[in-house]
Amino acid sequence: YGHFIDDLRLYVRGGTGGMGYPRLGGEGGRGGDVWFVAQERITLKSIREKYPLKRFVAGTGANSSVKALKGEKGKDCEVLVPLGISVLCDDGKQIGELNAAGERFLAARGGLGGSLATNFVPCKGQRRIVRLDLKLIADVGLVGFPNAGKSSLLSKVSHAKPEIANYAFTTIQPQLGKIMYADYKQILVADLPGLIEGAHANKGMGHKFLKHVERTKQLLLVVDISGFQLSVKTQFRTAFETILLLTKELELYKEELLKKRALLAINKMDLPCARDNLNELTKQLQNPQDYLHLLEEEMIPANTLEFKDIIPISTHTGEGIEELKACIRKSIAEEAEQENEEYRKKKLLLLQTSE
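Residues numbered from 1 in each chain as written. Predicted model: local features only at pLDDT ≥ 70, side-chain atom pairs only at ≥ 80, totals over all residues. Heavy atoms only, no water.

As annotated in an unreviewed UniProt entry, the protein is GTP-binding protein 10 from Eolophus roseicapilla. In UniProt, the protein has this text filed under Sequence similarities (unreviewed entry): "Belongs to the TRAFAC class OBG-HflX-like GTPase superfamily. OBG GTPase family." Here is the UniProt Subcellular location (unreviewed entry) comment for the protein, exactly as written: "Nucleus, Nucleolus". (UniProt positions renumbered as here; feature names shortened; annotations may be inferred.)

Laid out in C-alpha cells, this is it:
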C-alpha cells in the first residue's frame with residue numbers, strides 16, 4: 001500500500017487520580033483524559049512519525065494538601081487526528097468517529113482522585129488499545145478495474161500527478177485531486193486502487209479499497225470501452241460485463257453503496273471500433289435484463305446502478321473531459337439541493353408537531 005497509512009494502532013491511558021488527604025477529608029484531583037481531536041492537514045503517517053512509540057498518557061491529578069484540599073485535575077492529552085477517522089476497539093468494534101474539524105472523542109478517561117468514597121486511595125485511569133481507521137472523504141470516488149484510465153482521468157481534470165503506465169495496479173494507494181472551475185468552485189475527487197473480481201472477499205486490495213468508497217458522496221465508474229482482462233489466466237470481460245462486475249463487487253461488500261448517485265465515464269474512445277462498441281454498450285445499458293442470460297449467475301448483481309449521466313471520454317485526446325467536469329458539478333449541486341430540501345422539510349415537520 002505504499003507510504004499511505006489508513007490504519008494505526010495506539011495505546012491510550014487516562015491519568016491516575018491524585019492522593020486524598022485523610023486528616024482533613026481532602027480530595028485528590030482527577031487524572032487527565034486522552035482526547036482525539038479532528039483537524040485538517042493531519043495524516044496518520046505524521047502521527048506515527050511524531051510519536052513512534054504510539055503511546056498517549058494523560059497527566060496525573062494533583063495530590064490534596066493543607067494548602068489545597070481539592071487537588072487540581074491532571075493535564076489532558078490531546079491527539080490531533082485526520083478527518084474521516086473511525087475509532088475502533090482492539091476487537092474491531094466501532095466506538096466513535098470524527099468527520100468534521102474540531103470534533104472531539106474521549107479515548108481514555110482519567111481516574112478519580114483519592115477521597116472518602118475511595119478510602120483516600122486514587123484510582124487508575126482507563127487504559128486501552130484503540131485503532132484509528134481512516135476512510136477518505138471526497139465528493140467523487142473513481143471506481144474501476146485496473147488500467148481503466150482512472151489515474152489518467154484524475155490528472156486531466158485536476159492538478160494531481162498520479163503514476164500512469166500501461167499496466168495494471170499503477171495506483172497502489174488512494175490519490176486525491178481537486179477539480180477547479182473557472183468561478184473557483186472546487187470538487188474533491190479520489191482515485192482509488194483498482195478493484196478486481198473477488199475484492200469484496202478481500203482479494204487483491206479488497207477491503208483497503210472498498211472502505212474508502214463508503215465516505216465518497218458520489219461514484220464515477222470508469223470503464224474501458226474495449227473491455228478488460230487482468231492477465232492471460234483470467235477471462236476477458238466486455239465493457240458491459242465490467243460494469244456489472246463492478247456493481248456486483250460493491251453490492252457484495254455493502255449494498256448501501258448502490259444507493260449513491262453514480263456517473264459512468266466510458267474511456268478510451270480514441271481506439272479503433274470504439275464507436276461500434278459504444279453503440280452496442282448503449283443498447284445493453286438501456287435494457288440490461290435482455291443481456292443478463294449471457295453472463296454466469298454469480299456475476300449478476302441483484303440491483304443495477306442507475307447512472308445519472310453516461311459520458312464517452314478519451315483521456316488520451318481530451319475528448320469529453322469538459323463535458324464530464326460539467327456533469328460532475330451538476331450532479332453534486334443537485335444532490336446538495338436535494339439534501340437541503342429534505343432538511344427544510346424535516347425542520348418544518350418538527351415545527352408543526354411542536355405547535
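Draft legend 1. Summary view of the overall build of the protein. Secondary structure assignment for the protein yields six helices and 14 strands. Buried residues in the protein amount to 47% of all 355 residues. A sequence separation of at least 24 residues applies to 72% of the contacts in the protein between residues at least 6 apart. Carbon together with sulfur atoms contributes 52% to the accessible area of the protein, which is approximately 18,900 Å² in total. (Helix = DSSP H or I, 4+ residues; strand = E, 2+ residues; numbered from the N terminus. Buried < 20%, exposed > 50% of the residue type's maximum accessible area, 1.4 Å probe, protein only. Contact = heavy atoms within 4.5 Å. Areas by Shrake-Rupley, 256 points an atom, 1.4 Å probe, with all protein chains shown as cover.)

Draft legend 2. Looking closely at the sheet that holds strand β13 (residues 261-267). Sheet architecture is open: six strands sit in the order β10-β11-β9-β12-β13-β14, paired in mixed fashion. If you trace the sheet from one side to the other, it starts and ends with β10 (175-180) and β14 (307-312), each paired once. Going from strand to strand, the sheet's axes swing by 25 degrees on average, the running direction of each strand aside. For β10 and strand β11 (residues 186-191), the ladder comprises six bridges, and the chain directions are antiparallel. Its bridge partner lying in β11, methionine 180 is registered against glutamine 186. In the packing of helix α4 (residues 239-253) onto the sheet, the strands contacted are β9 (140-143), β12 (218-224), β13 and β14, and the crossing angle to β12 comes to about 145 degrees. (Pairing = 2+ DSSP bridges. Axes fitted to C-alpha atoms, helices over the stretch in contact; angles between N-to-C directions.)

Draft legend 3. Structural view of the sheet that holds strand β4 (residues 77-81). Spatial strand order, β4-β2-β7: three strands in an open sheet with mixed pairing. Of all the strands in the sheet, the pair left with one neighbour each is β4 and β7 (104-108). Strand-to-strand twist of the sheet, defined as the mean angle between neighbouring strand axes without regard to direction, takes the value 30 degrees. Where strand β2 (residues 34-38) and β4 come together, five bridges link them in parallel fashion. Looking at the pairing, alanine 38 lines up with valine 81 of β4.

Draft legend 4. A look at the pattern of salt bridges. Taken as a whole and assessed by the stated rule, the structure comprises 19 salt bridges. Among the ionic pairs, glutamate 337 bridges to arginine 344, the shortest N-O distance being 3.2 Å. Overall, the relative accessible area of 43% leaves arginine 344 in the partly exposed class. One network of salt bridges, in which partners are shared, links Arg30, Asp33, Lys73 and Asp76. (Salt bridge = Lys/Arg side-chain N within 4 Å of Asp/Glu carboxyl O.)

Draft legend 5. Representation of helix α6 (residues 321-354). Taking 1.5 Å as the rise per residue, α6 with 34 residues should run 50 Å; its terminal C-alpha atoms sit 50 Å apart, in good agreement. Among the residues making up α6, those that are buried are Ile321, Leu324, Lys325, Cys327, Ile328, Ser331, Ile332 and Glu335. (Expected span 1.5 Å × (residues − 1).)

Draft legend 6. Up close: α4. For α4, with 15 residues, the first-to-last C-alpha span of 21 Å sits near the 21 Å given by 1.5 Å per residue. For α4, the tally of buried residues reaches 13 of 15 residues, placing the bulk of the element in the interior.

Draft legend 7. Spatial organisation of the pairing of β9. What you see with β9 is no split at all: Val140 and Leu142 on one side and Gly141 and Val143 on the other are buried throughout. Note that β9 and β11 share three bridges and pair parallel. Bridge pairing in β11 places glycine 141 opposite alanine 190.

Draft legend 8. Quick peek at the side chain of threonine 216. Relative to the elements of secondary structure, threonine 216 occurs in the loop between α3 (206-213) and β12. A distance of 2.8 Å separates the side chain of threonine 216 from the backbone oxygen of valine 213, its partner in a polar contact. Beyond its immediate chain neighbours, meaning those up to four positions away, threonine 216 contacts Leu136, Ala138, Asp139, Val140, Gly141 and Lys260. (Polar contact = N/O pair within 3.5 Å; in protein donor to acceptor, adjacent residues only side chain to side chain.)

Draft legend 9. Here's a closer look at the confidence of the model for the protein. In this model, the protein carries an average pLDDT of 85, and 89% of its residues clear a pLDDT of 70 or more. Taken as a whole, residues 199-206 scores under 50 in pLDDT and shows 19 contacts with residues more than four places along the chain or in a different chain. (pLDDT = per-residue confidence, 0-100.)

Draft legend 10. Here's a closer look at the packing of α4 against helix α5 (residues 274-286). The N-to-C vectors of α4 and α5 enclose an angle of 40 degrees; their axes lie 9 Å apart at closest approach. One finds that α4 runs oblique with respect to α5. Where α4 abuts α5, its residues Ala239, Phe240 and Ile243 lie against Leu281, Gln284 and Leu285. In terms of residue class, the contact of α4 with α5 is made up of five nonpolar, one polar and no charged. (Parallel < 35°, antiparallel > 145°, perpendicular 65-115°, else oblique. Nonpolar A, V, L, I, M, F, W, Y, C, P; charged D, E, K, R; others polar.)

Draft legend 11. Main features of the environment of asparagine 99. Along the chain, the position of asparagine 99 falls in the loop between β6 (94-98) and β7. For the pair asparagine 99 and isoleucine 85, spaced 14 residues apart in sequence, the C-alpha separation works out to 6.6 Å. Here asparagine 99 is in contact with Leu83, Gly84, Ile137 and Arg215, once residues within four sequence places are set aside.

Draft legend 12. Summary view of the packing of aromatic side chains. Per the stated rule, a full pass over the model turns up four aromatic pairs. Arranged with centres 4.9 Å apart and planes meeting at 65 degrees, the rings of tyrosine 51 and phenylalanine 56 form a pair that is edge-to-face. Judged by its relative accessible area of 33%, tyrosine 51 is partly exposed. A residue is classified by how much of its surface remains accessible, and phenylalanine 56, at 4% relative accessible area, is buried. Aromatic pair phenylalanine 240 and tyrosine 291: ring centres 6.2 Å apart, planes at 70 degrees, arrangement edge-to-face. Of this pair, phenylalanine 240 sits in helix α4 while tyrosine 291 is found in the loop between α5 and β14, placing the two residues 51 residues apart along the sequence. Assessed through its relative accessible area of 4%, phenylalanine 240 is described here as buried. Arginine 104 extends its terminal NZ or CZ atom over the ring of tryptophan 35, reaching a point 4.6 Å from the ring centre. The ring of tyrosine 181 has arginine 329 lying over it, and the distance from NZ or CZ to the ring centre is 5.0 Å. (Phe/Tyr/Trp six-rings, centres within 6.5 Å; stacked < 30°, edge-to-face > 60°. Lys NZ or Arg CZ within 6 Å of the ring centre and 35° of its normal.)

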